[in-house]
Every structure is written in structure tokens, then in C-alpha cells.
Amino acid sequence: MKKVFLFLKNDSALPMIQVYLNGYKGIQVFVQNDATSFSNDLSFIGFPDALFIEEAFITNDLQQSLDQISQKICVTNEEKEIDGYRCFYKKNWEKACEDFFSSLGENLETEEYSDVPFHLLKKIDSSICDIYLQISKNGLPHRVKLFHAGENIEQPTVEKYLDKGVRNASVKSSDKAQFLNYISNQMYTEMILTPTDNIVGKALDTALILLKDIGFNSTSTQLIEGVVEAMNAKLSSAKGKDLLAIKDLLNSKTSRYFKKAHLVSMLSGKIIQNMDWGTHTHQNLLTFVSIMADISLEQEEMLFLTDKKSLEESSLNEVDKSHVWTHARDAFHMIQAYKDRPLEADLLILEHHGNKNGVGFSEQIGTSLNKLTIIYRICEDFAIELIKLNEMNVDVKIMDIFQHLYIKHDKKVLHLVIEDLKKCFIN
Ligand SMILES: [Fe+2]
């Protein structure tokens, strides 16, 4: 098995190279985005058979290690030569991969199929390529064609397999990048043309699936950016009709993740609009934080857990509980790969439960936190209560939710933020 390190920036070239190399048997790919993870992988995994490195990452500190790697391919931002490296202009990533294979001097067999998350099929009406299902035949893995290219994706069929616990579908390896791009483009266009809650919600859910499968790249981030834009546009257009917009959202057929993120973004956006210091940048930042802060939480139940007591009393197992406990820090680490994130978004995500290290839940929000974090915290607690009551089909009494907030955040300065939120409902 040949080991290949991809020490590259997380932009358009990396996912393409990764998908390309993953399509071959006999190759194991490791990705690093910074010098620390590169050095860690060198110590734990050992020196790779080949390295793809970003020009900007070649530094004197790493020189000794780099000297010990014989196959080095440098991905550059312009056509150039560097001693000891075979250089390729970023846009020619395919050539760089072909060159890498010829330099290995071996005939590597192509991995014919690649997995894609099965629940992606819930988000699309048709596919650009054939989609397969892996089954076991006489004890051996075997693939059957589930949907033909261009054919309608029958949702009852998709639901049937999801209910059976099927987690992955397969596409031909050579089709995977195009397949994911097609989904992202289709959804983005649909969202721009008709930005209803149902469609924007579906786009956010899809973006989260893509993020977990292929990381941050132009395919997944175009959807994230589209969702942020759509949410901000709705906030501006809903002026004076906020209650109606909230009601529509609560009654929409969207996920709990989307409802919470969108409510937090709407409510915090309203507070910011009423502040003399508030700008569009603050609003944009909080919308981004509201959709990314909980990206590492896998189950809907986890989204309502915001204090130690309810976490301990939840039905989650110990591993899941510890995921919830550290989810702010985990999201902070994940978001580092998103180079175009709004300024300070990562720090707000890190402290979004009131602790500056992103671990656990603070019992009482510290007033030394960023004022945007305080607004986020209060709006999220409000949103959670509102969604809970709506899901239980209980008559919502807004003042009861405010009463709950006054008790939970019992400090004068926090009460002032609650008052600001109240103004969004009661003039
Ligand atoms: Fe959270």
C-alpha cells in the first residue's frame, strides 16, 4: 500500500486530487492542512511514498523532513520551477495526478466505485450518473444498479433503504466529483430562484452532508454561502412581518437543525438591527455562526441540550454525551478548514456555550464574553424553547418563554439583552 500525503490548502484543488487518488486501490491518502498536522502524521504514520505540497507550505522549519521524501509534487499558483519538486499549476491538478502515477512506475488498479452518503438521495429528483447499491450475493459483495442516470429518484425507494439502515450508495469513481457538484449546483440554483424555508432548509441539510463527506471546498461552501445569503435576505424582507415569518418557519417541513439555525439568525438579526452599533457584518457573522456552531452534532436530540443537567439526564450513551460536551471546540477545529469564513466566526463558535475553551456549558453566561456571543446564547435558548413547544403541539405563550429566560440568565446585563429580544415581539 502506497502512502500519499496531501499537504495542501483546503480549496478547489485538494478535494479533486483527493477524490482522484481515492479512486485507486493500493493507495492510502492522508490530508494535512497545516504544519502541525503534517509533522504529527510524519511521526505517527511515517514518511509517505509521495507528497503533494502547496508552494506556500514549503518552509525552512520543515526542510529536514521534506528532504527525506523522494517524490515531491508542488502545487503552485502560477507556472514555475522549484528545485527538488515537480511543479504543477493548481488548475492542472489532473496532470499532477497523472504524473504522480507514472512516477510510481506501477500499474495501479482503479477502484471502480466510490461511496456516497445514501441520504443525499433524499435531496435530489434525478441523478447525473448511475447509482448503485452494494448487496451481498453468495457471501460476496455485489453491486446492483438502483437508479439509472437521468431517471427519477423514487423517494419511497430511498426511504425503504434508509429504513433498512443502508448508509451508502455507490457511484463510479470517475463520476463522484461530478455527481456531488451536480447536486450542489442544482440545489444552489433552486435556492436562488425560490428561497422558501423548505428549499433553503433542504440546501442546508445537503451542505452538512457534503461537508462531512468531502470537507470544505467549492462544492460544499457554495451551498453554505447560499444559505447565509437566503437567511439574511429573508430577515430584510420580513420587516414588520416577523411573527408570520417565524410561524411559517416553525410549521415548515424542515429539519430541527435548520429551524433552530434560522430562528437564531432571525432573532439575533432583529436585535442587531435595533442596536446603534449593529451592522450588516454583525448580522452576517451571526447567521454564519448559527448554521455552523453545531455542525458536529449528529442527532437531533443533541440540539436541545444546552446545560450539564439535561445532558446527563439524556438518553445518549457516554460517547455521544462526550461529543456534545466538546462540540463547540470540535466545530471550532472543523471550521479552520473553511478559509473564507467571516472574521471571528471561529472564536464565536468556540465560545457559543459560554466557555472560552469550547468545552462544556457555562452555568451562567459570563458578561466578559463577546456581546455577540451573549446575543447568540439568549436567542438560541429562546429558539429551543419555541421549537420544543411547537413540536409538542402546545399553545405557545411567548411571555412564558421570556420568564424562563429571565430565570436562566439572572443578571442585570443579561436581562437587558432579553429586553432587546422582547422588543422584537412586543412593540
Ligand atoms: Fe451548540
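Procedures and definitions
- Residues numbered from 1 in each chain as written.
- Predicted model: local features only at pLDDT ≥ 70, side-chain atom pairs only at ≥ 80, totals over all residues.
- Helix = DSSP H or I, 4+ residues; strand = E, 2+ residues; numbered from the N terminus.
- Rg over C-alpha atoms; globule rule 2.2 N^0.38 Å.
- Buried ≥ 20, exposed ≤ 12 C-beta atoms within 10 Å, placed from the backbone.
- Contact = placed C-beta atoms within 7 Å.
- Pairing = 2+ DSSP bridges.
- Core = buried A, V, L, I, M, F, W, Y, C linked by C-beta atoms within 7 Å.
- Domains from an automatic or database assignment.
- Axes fitted to C-alpha atoms, helices over the stretch in contact; angles between N-to-C directions.
- Parallel < 35°, antiparallel > 145°, perpendicular 65-115°, else oblique.
- Left-handed = near helix turned anticlockwise from the far one by under 90°.
- Nonpolar A, V, L, I, M, F, W, Y, C, P; charged D, E, K, R; others polar.

Turning next to the overall build of the protein. Scanning the protein from N- to C-terminus turns up 18 helices and nine strands. On C-alpha atoms alone, the protein measures out to a radius of gyration of 24 Å, which is about the 22 Å that the 2.2 N^0.38 rule sets for 427 residues. Overall, the C-alpha framework of the protein stretches about 75 × 55 × 40 Å when taken along its three principal axes. Relative to its full complement of 427 residues, the protein shows a buried share of 35%. The long-range fraction of contacts in the protein, counting pairs at least 24 apart against all pairs at least 6 apart in sequence, stands at 64%.

So, about the pairing of strand S4 (residues 71-76). Bridging between strand S3 (residues 50-54) and S4 involves five bridges; their strand directions are parallel. Within S4, the residue paired with Glu54 across the bridge is Val75. Summarising the sheet, S4 and strand S5 (residues 86-89) pair through four bridges and their orientation is parallel. The residue bridging Ile73 from the neighbouring strand is Arg86, located in S5.

Core analysis: the largest hydrophobic core is formed by 74 residues, its most contacted members being Leu204, Ala207, Val227, Leu267, Val289, Ile349 and Cys379. Per-element tally for this core: the top contributor is helix H16 (residues 371-391), with nine residues. In this structure, this core is formed jointly by two domains, domain 2 (113-173) and domain 3 (194-422), each of which donates at least three residues. Here Val289 is in contact with Ala345, Leu348, Ile349, His352 and Tyr376, once residues within four sequence places are set aside. One finds Phe5, Phe38, Ile73 and Cys74 within the second-largest nonpolar core, a separate group that totals 23 residues.

Okay, the packing of H16 against helix H17 (residues 398-408) next. One way to put it is that H16 packs onto H17 with a least axis distance of 10 Å and a crossing angle of 135°. When the axis of H16 is compared with that of H17, the two are oblique. Viewed along their axes, H16 and H17 form a crossing whose handedness is right-handed. Seen from H16, the contacting residues are Ile378, Asp381, Phe382, Glu385 and Leu386; seen from H17, they are Ile401, His404, Leu405 and Lys408.

What follows deals with the sheet that holds strand S2 (residues 27-32). Reading across the sheet, the five strands line up as S2-S1-S3-S4-S5 and stay open at both edges, with parallel pairing between neighbours. Each having just a single partner strand, S2 and S5 make up the two edges of the open sheet. Taken pair by pair, the neighbouring strands of this sheet meet at an average axis angle of 20°, ignoring direction. Of the pairings in the sheet, the one linking strand S1 (residues 2-7) to S3 comprises four bridges and is parallel in character. Within S3, the position partnered with Phe5 by the bridge is Leu51. Sheet contacts for helix H2 (residues 35-45): S1 and S2; angle to S2, the most-contacted strand, approximately 145°. Sitting on the sheet, helix H4 (residues 93-104) is in contact with S1, S3, S4 and S5, with an inclination near 175° to S4.

This part covers the domain arrangement of the protein. Taken domain by domain, the protein consists of domain 1 (2-104), domain 2 (113-173) and domain 3 (194-422). Of note, the centres of domain 1 and domain 2, computed from C-alpha atoms alone, are 32 Å apart.

Here helix H6 (residues 176-193) crosses helix H8 (residues 218-237) at 15°, and the two axes come no closer than 9 Å. Taken together, the axis directions place H6 and H8 in an arrangement best described as roughly parallel. Considering how the two elements wind past one another, H6 and H8 form a crossing that is left-handed. Facing H6, whose interface residues are Leu180, Asn181, Ser184, Met187, Tyr188, Met191 and Ile192, H8 presents Thr219, Ser220, Gln222, Leu223, Gly226 and Ala230. Residue composition of the contact of H6 with H8, grouped by class: seven nonpolar, six polar and no charged.

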